[in-house]
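What follows is the residue order along each chain.
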Amino acid sequence: MTVADAPLPPALAHSPARHRLRAGLFGTPFNAAVTALTAAALAWLVPPLLRWTVLDATFSGTSADCAARAGACWAFVGAKFRFFLFAFYPPALHWRPALVILLLLALLAATATPRFWRRGLLPAWPAVIALCWLLMAGAFATPVPSNQWGGLPVTLLVWSVCFAVSLPLAVLLALARRSAMAGLRLLSVAYIELMRGIPMVAILYVAMLILPMALPEGQSMDKTLRAMIMVALFWTAYTAEVVRGGLQAIPPGQQEAAAALGLGYWRTMQLVVLPQALRVVIPGLVNLAIGFLLATSLLAVIGIFDLLNAAKASATDPNWLGFYDEAYLTVALVYFVFGYGGSRYSLWLERRLGGRTPK
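These numbers come from a predicted model, not from an experiment.

### Some words on the overall build of the chain
Alright, step 1. When helices and strands are counted, the chain shows 16 helices and 2 strands.
Alright, step 2. With the C-alpha coordinates of the chain rotated into their principal frame, the extents come out at 80 × 75 × 40 Å.
Alright, step 3. Expressed as a percentage of its 359 residues, the buried residues of the chain come to 37%.
Alright, step 4. Of the contacts formed within the chain by residues at least 6 apart in sequence, a portion of 69% connects residues at least 24 apart.

Given below as structure tokens:
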């Protein structure tokens, strides 16, 4: 149990909210000192930030209007917001990436809702992903090359595909690392440690420079697809260690009891061990998913215009040159919404499933 989860003293737990707040802020000399330092820092930071973001900001007009004021140029964000979302995708076809965003968000929402956890959800993943890829490529009408893809659809597509592929592979890898077969265990350990010891940027360069040379002569693979494959293999190693932590938290008696009932290894894993292990590591998996979402910004090093790279490129427009702060703050807000939403979902799911370690 952490300090944040520790129960309050009975007298304080039943006191009015203002008394609990006062005790938390000024109940001890240390709390009072931290409160005073925090208040001083806020008094120093908030007024100039408020002036820049709201009071002196320009909310409409042109870059000339923004230059006449000292605050933020939110008119730039309004003018370039579609470019943030869709980058160089042809403007007349923006309905396609917009539909891709809706499909992926709907798929993620259904996956995050326990009442939709049925077998039908599994085939929905490859079906939706394939439909999104066909929509972006324009397979049903005007084709659009992948070097024109970008923005939020690419970020969500890479994130969803790579994490969805890495999770089942990570489960198998974690089981292999705990296997009694020495050869299988050694191979899994070697793979995990190798991938965890290589920076993601190096993995992306492998996808760009080395993977094409491994293909048969005369054949090629889309740059985005190559990046997805290598990034999924990279994150499988990290996810496997999180899953292995959950497996180690399950007492051996659980597996022994299943064996006594006549269940084989795979049925025991499927029905007894893995459901409990994955429930235990919900915080770790959500934390990894959030970190992976933020890491998709590294796709910029191989020329894939994800959300962050599209926002950065928008500030190079001669008509709106140099408004990088507004671009980065807008993207940061989008990432914050996903990250904060993921953390709150993790807490809700833990309460819903009762994420306690079995005894």
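Now that the structure has been shown, the text picks up again.
### Some remarks on the environment of Phe-305
Alright, step 1. Within the secondary structure, Phe-305 is located in strand E2 (residues 305–306).
Alright, step 2. Linking Phe-305 and Arg-178, residues 127 residues apart in sequence, is a C-alpha distance of 39 Å.

### A few points about the nonpolar core
Alright, step 1. One finds Phe-76 and Trp-235 to be the most contacted residues of the largest nonpolar core, which totals 67 residues.
Alright, step 2. At 11 residues, the largest contribution of residues to this core is made by helix H8 (residues 152–177).
Alright, step 3. Filtering out sequence-adjacent residues up to four positions away, Trp-235 remains in contact with Ser-166, Met-200, Leu-288, Gly-291, Phe-292 and Ala-295.
Alright, step 4. Grouped together as the second largest cluster of nonpolar side chains are 12 residues, Val-243, Ile-250, Ala-258 and Met-269 included.

### Structural notes on the pattern of salt bridges
Alright, step 1. Counted under the stated rule, the structure contains 6 salt bridges.
Alright, step 2. As a salt-bridge pair, Glu-241 and Arg-196 come within 3.5 Å of each other at their nearest N and O atoms. With Glu-241 in helix H11 (residues 223–249) and Arg-196 in helix H9 (residues 182–196), the pair connects residues that are 45 residues apart, well separated along the chain.
Alright, step 3. Members of the salt-bridge network, linked through shared partners, are Arg-177, Glu-193, Arg-196, Glu-241 and Arg-244.

### Considering the environment of Val-165
Alright, step 1. Considering the arrangement of structural elements, one finds Val-165 in helix H8.
Alright, step 2. Expressed as a C-alpha distance, the spacing of Val-165 and Ile-229, which sit 64 residues apart in the sequence, is 8.9 Å.

### Notes on the packing of helix H7 (residues 121–137) against H8
Alright, step 1. Where H7 contacts H8, the two axes come as close as 11 Å, and the packing angle between them is 150 degrees. Classed by the angle they form, the pair H7 and H8 counts as roughly antiparallel. The crossing of H7 and H8 is left-handed. On the side of H7, the interface is formed by Trp-125, Ile-129, Cys-132, Trp-133 and Met-136, while H8 contributes Pro-153, Leu-157, Ser-160, Val-161 and Ala-164.
Alright, step 2. Residues that form the contact of H7 with H8 fall into these classes: 9 nonpolar, 1 polar and no charged.

### Things to note about the state of the cysteines
Alright, step 1. With the rule as written, the count across this model stands at 1 disulfide.
Alright, step 2. Each disulfide pairs two cysteine sulfurs, and for Cys-66 the partner residue is Cys-73, the sulfurs being separated by 1.9 Å. Measuring the twist about the S-S bond at about 60 degrees, one finds the Cys-66-Cys-73 disulfide to be right-handed.
Alright, step 3. Judged by relative accessible area, Cys-66 falls into the buried class, the value being 4%.
Alright, step 4. Residue Cys-73 is classed as buried on the basis of its relative accessible area, which comes to 0%.
Alright, step 5. Cysteine Cys-162 is unpaired, with the sulfur of Cys-132 as its nearest cysteine sulfur at 14 Å.
Alright, step 6. Take Cys-162: its relative accessible area is 0%, and that puts it in the buried class.

### A word on helix H14 (residues 282–295)
Alright, step 1. An ideal rise of 1.5 Å per residue puts 20 Å on 14 residues; H14 measures up with 20 Å between its terminal C-alpha atoms.
Alright, step 2. All of the buried residues along H14 are Ile-282, Leu-285, Val-286, Leu-288, Ala-289, Phe-292, Leu-293 and Ala-295.
Alright, step 3. Buried residues along H14 sit against H8, helix H10 (200–214), H11, helix H13 (265–280) and helix H16 (324–353).

### Things to note about H16
Alright, step 1. Compared with an ideal rise of 1.5 Å per residue, which puts 30 residues at 44 Å, H16 spans 43 Å between its outermost C-alpha atoms and is within 8% of the ideal.
Alright, step 2. What H16 keeps buried is the set Glu-326, Ala-327, Thr-330, Val-331, Tyr-335, Gly-339, Gly-342, Ser-346 and Leu-349.
Alright, step 3. In the core, the buried residues of H16 are packed alongside helix H3 (29–55), helix H5 (74–86), H14, E2 and helix H15 (307–314).
Alright, step 4. Positive backbone phi, approximately 65 degrees, marks Gly-354, located one or two places after H16.

### Notes on the packing of aromatic side chains
Alright, step 1. Here the structure, examined in full by the defined rule, presents 19 aromatic pairs.
Alright, step 2. Between the aromatic rings of Phe-163 and Phe-292, the centroid separation amounts to 6.4 Å while the plane-to-plane angle is 25 degrees, which identifies the pairing as stacked. With Phe-163 in helix H8 and Phe-292 in helix H14, the pair connects residues that are 129 residues apart, well separated along the chain.
Alright, step 3. Residue classification places Phe-292 among the buried residues on the basis of a relative accessible area of 0%.
Alright, step 4. Relative to Trp-348, the ring of Tyr-345 lies with its centre 5.9 Å away and its plane at 35 degrees, an arrangement referred to as tilted. Within this pair, Tyr-345 and its partner Trp-348 are both found in helix H16, separated by 3 residues, close to a single helical turn.
Alright, step 5. One aromatic cluster is present, formed by Phe-76, Phe-81, Phe-84, Trp-320 and Phe-323 through successive ring pairs.
Alright, step 6. Residue placement shows Lys-80 over the ring face of Phe-83; its charged tip is 5.3 Å from the ring centre.

Reading the values: rules and limits
Residues numbered from 1 in each chain as written. Predicted model: local features only at pLDDT ≥ 70, side-chain atom pairs only at ≥ 80, totals over all residues. Heavy atoms only, no water. Helix = DSSP H or I, 4+ residues; strand = E, 2+ residues; numbered from the N terminus. Buried < 20%, exposed > 50% of the residue type's maximum accessible area, 1.4 Å probe, protein only. Contact = heavy atoms within 4.5 Å. Core = buried A, V, L, I, M, F, W, Y, C linked by side-chain atoms within 4.5 Å. Salt bridge = Lys/Arg side-chain N within 4 Å of Asp/Glu carboxyl O. Axes fitted to C-alpha atoms, helices over the stretch in contact; angles between N-to-C directions. Parallel < 35°, antiparallel > 145°, perpendicular 65-115°, else oblique. Left-handed = near helix turned anticlockwise from the far one by under 90°. Nonpolar A, V, L, I, M, F, W, Y, C, P; charged D, E, K, R; others polar. Disulfide = S-S within 2.5 Å. Expected span 1.5 Å × (residues − 1). Phe/Tyr/Trp six-rings, centres within 6.5 Å; stacked < 30°, edge-to-face > 60°. Lys NZ or Arg CZ within 6 Å of the ring centre and 35° of its normal.

Note that all results are geometric; they support no functional claim without further evidence.
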